[in-house]
Amino acid sequence: MNKILVIAPAHDQLDKRVNSSLEVMSELFSEVTIVYETRFALKELNQLDSVKYLFVDHTEPRLKVLPKVKVYLDFIDGFIEDDSLVYIHEPGVVGLLIAKGIKYRFNNIKIIFDYHDYVPWEVFYQVGKLTKNVFFRRVISRSILGFLSNYLSKQNIFDGLVGISKGQVKSLLKFLSRNESLPTLDLPNTRIKIDINNPCLTNQCDKVTLIWVGNIVDGRDLDDTIKYLDRLVKQYHMEFSFKIIGKVISSKLFDELKSKDYFIYCGEFKNDQDILNNLGEDINIGLFLGWKDEFNIGINEIGSPNKVYSYINVGIPVVYYHKLFDLKTIIGDNTGIGVSSFDQFKQALNEIIYNYSSFKNEVIKQREYLTWDNDNRIKLKKYLKNFINFYS
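All values reported here derive from a predicted model rather than from experimental measurement. Residue indices begin from 1 for each chain and proceed along its sequence in written order. Per-residue local features of the predicted model are confined to residues with pLDDT of at least 70, and side-chain atom pairs are confined, for both listing and counting, to 80 or more; whole-chain, interface and lining totals are unaffected and use all residues. No hydrogens and no water enter the side-chain calculation; it runs on all heavy atoms of the structure.

A separate point is the sheet that holds strand β11 (residues 283–288). If DSSP finds at least two bridges between two strands, the strands pair. The way it works is that DSSP assigns letters per residue, a run of H or I at least four long becomes a helix, a run of E at least two long becomes a strand, and they are numbered from the N terminus. Spatially, β10-β9-β8-β11-β12-β13 is the arrangement adopted by the six strands of the open sheet, whose pairing is parallel. The sheet is open, and its two borders are formed by β10 (263–265) and β13 (336–339), each paired with just one other strand. Between one strand axis and the next, the sheet turns by 25° as a mean value, whatever way the strands run. Pairing geometry for strand β8 (residues 208–213) and strand β9 (residues 241–245), over five bridges, is parallel. The residue bridging Ile211 from the neighbouring strand is Lys243, located in β9. Sitting on the sheet, helix α7 (residues 222–236) touches β8, β9 and β11, and the angle it makes with β9 is about 165°. Here an angle of 0 to 180 degrees is reported between the N-to-C directions of two axes, which are lines fitted to C-alpha atoms, with helices fitted over the stretch in contact. Every residue pair with non-hydrogen atoms within 4.5 Å of one another is taken to be in contact.

A few words on the packing of aromatic side chains. Pairing of aromatic rings covers Phe, Tyr and Trp, the last counted by its six-membered ring, and requires centre-to-centre distances within 6.5 Å; plane angles under 30 degrees mean stacked, over 60 mean edge-to-face, and any other angle means tilted. Within the structure shown, the criterion is met by 18 aromatic pairs. Relative to Tyr265, the ring of Phe254 lies with its centre 5.1 Å away and its plane at 70°, an arrangement referred to as edge-to-face. Residue Phe254 is located in helix α8 (residues 251–258), and its partner Tyr265 is located in strand β10; the two are separated by eleven residues in the primary sequence. Aromatic pair Phe288 and Trp291: ring centres 5.3 Å apart, planes at 85°, arrangement edge-to-face. When accessible area is computed with a 1.4 Å probe and restricted to protein chains, residues below 20% of their type maximum are described as buried, those above 50% as exposed, and intermediate ones as partly exposed. What makes Phe288 buried here is its relative accessible area of 3%. Given a relative accessible area of 17%, Trp291 falls into the buried group. Put simply, the rings of Tyr228, Tyr236, Phe342 and Phe345 pair up and form one aromatic cluster.

Residues enter a patch when their relative accessible area is above 30% and they make no salt bridge; the linking distance is 9 Å between like charges and 5 Å between nonpolar side chains (Val, Leu, Ile, Met, Phe, Trp, Tyr). Here the accessible surface of atoms and residues is derived via Shrake-Rupley with a 1.4 Å probe, and residues count as covered only by protein chains that are part of the display. One speaks of a salt bridge when a side-chain nitrogen belonging to Lys or Arg is within 4 Å of a carboxyl oxygen belonging to Asp or Glu. A contiguous nonpolar patch, built from Phe135, Phe136, Val139, Ile140 and Ile144 and spanning about 440 Å² of accessible area, is present on the exposed surface. Examined against the element boundaries, Val139 turns out to sit in helix α5 (residues 134–152).

So, on to the sheet that holds strand β1 (residues 3–8). Strand order in the open sheet formed by seven strands is β3-β2-β1-β4-β5-β6-β7, with parallel pairing between adjacent strands. With partners counted over all chains shown, the strands left at the sheet margins are β3 (51–56) and β7 (184–186), one partner each. Direction aside, neighbouring strands of the sheet carry axes that sit 15° apart on average. Bridging between strand β2 (residues 31–37) and β3 involves six bridges; their strand directions are parallel. Its bridge partner lying in β3, Ile34 is registered against Tyr53.

So, about the packing of α7 against helix α13 (residues 342–354). Put simply, α7 and α13 touch, their axes get as near as 11 Å, and they point 75° apart. Of the possible angle classes, the one that applies to α7 and α13 is roughly perpendicular. Contacts between α7 and α13 involve Tyr228, Leu229, Arg231, Leu232 and Tyr236 from the former and Phe342, Phe345, Lys346 and Leu349 from the latter. Of the residues assigned to the contact of α7 with α13, the class counts are seven nonpolar, no polar and two charged. To sort the angles, those under 35 degrees are grouped as roughly parallel, those over 145 as roughly antiparallel, those from 65 to 115 as roughly perpendicular, and the leftovers as oblique. Classification used: nonpolar for Ala, Val, Leu, Ile, Met, Phe, Trp, Tyr, Cys and Pro, charged for Asp, Glu, Lys and Arg, polar for all others including Gly.

With that settled, the discussion passes to the environment of Gly286. Mapping Gly286 onto the fold places it in strand β11. Note: C-alpha distance between Gly286 and Asp77 (209 residues apart in sequence) is 46 Å.

With that settled, consider helix α6 (residues 166–175). Think of an α-helix as turning once every 3.6 residues; residues three or four places apart then point the same way. When we look at burial in α6, the residues that qualify are Gln168, Val169, Ser171, Leu172, Leu173 and Phe175. In the stretch just after α6, Ser177 is the one whose phi turns positive, near 55°.

Let's shift gears to unusual backbone geometry. Not every positive phi belongs to a glycine, and Ala10 is a case in point at roughly 65°. Note on placement: Ala10 falls in the loop between β1 and α1 (16–28). Since its relative accessible area comes to 38%, Ala10 is described here as partly exposed. One non-glycine residue, His237, lies in the positive phi region at around 55°. Relative to the elements of secondary structure, His237 occurs in the loop between α7 and β9. Look at His237 and you get exposed, because its relative accessible area is 61%.

Limitation: the analysis is restricted to geometry and does not speak to function.
Quick look at the structure:
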């Protein structure tokens, strides 16, 4: 296996996880080819000279949610070879369907599936685009999940599995009724560790700035965050700024935010340096209230809390949803506070503000022990070597 084909639906050339894996693969394989969707691609922005970039057209889903798997299969049919190694970067359902199609159409192909999301969460989210009725969303989503589990379990559709957490990897194997041993690896969506100037200096002013990183889109924790912040202003007359760094997806939600006196938009998020550049000398606190799990799917216990890694990376404490993926164990004690209600949220903010220097110094200390991007690269390189040996 001296060649590898990477398929990355729904990604562009700036995706950190994809690019990190491409750099690792370039060290191991003589030829690395990646396929992106044209609709997501950034023109003439091919990051690595050692990688061949291809783009597949006409991949827009039917009725907004139904993937065109055959388009991908027809596209790679022109150059994929028997005994090839295929690495699929995808949140969930589309990648699994592509993997099944490849196994059906081509001979002796080995597939590693890099699973970014959580299939039940993805299905409920996509069905929510078709209907907002809670009853119908539940019934339709459960029916789709049952069908997918049965359909995808009829054959082994991948030979290796990479995920964002141990729980997430285990859940997918159970969903697909895969009990046999196969090479697996959990790689959290962590960050490239950045340098911080004078990290242990305390803040120079009493101004409070709350930081939120991510796409401005409906159906995530941003909705509840705004409600909490409005209550802080109206009921308790708390003064603060709320800075968001991320891409605007929902213009309606963005317009709502712009009507708030506390809101400051800081542009799109590219990397953690963007956060650091917007901190100033304020009392800075990161916020992440978790995924809005209205159907109790369990996304918060399984998902990878990317935002929290960013907050720790730039050296600021965080207020987070208490169910998040064993987060206290990952980031250590006294780097932030987990909450489950508005009253706890308010209390957590007050505690961090009052003891800001202590929390901030603990963050600086604990960030030295977190798993960062370079650690993940070492793990992935070892995994790929072992995978090749396993199937040689």
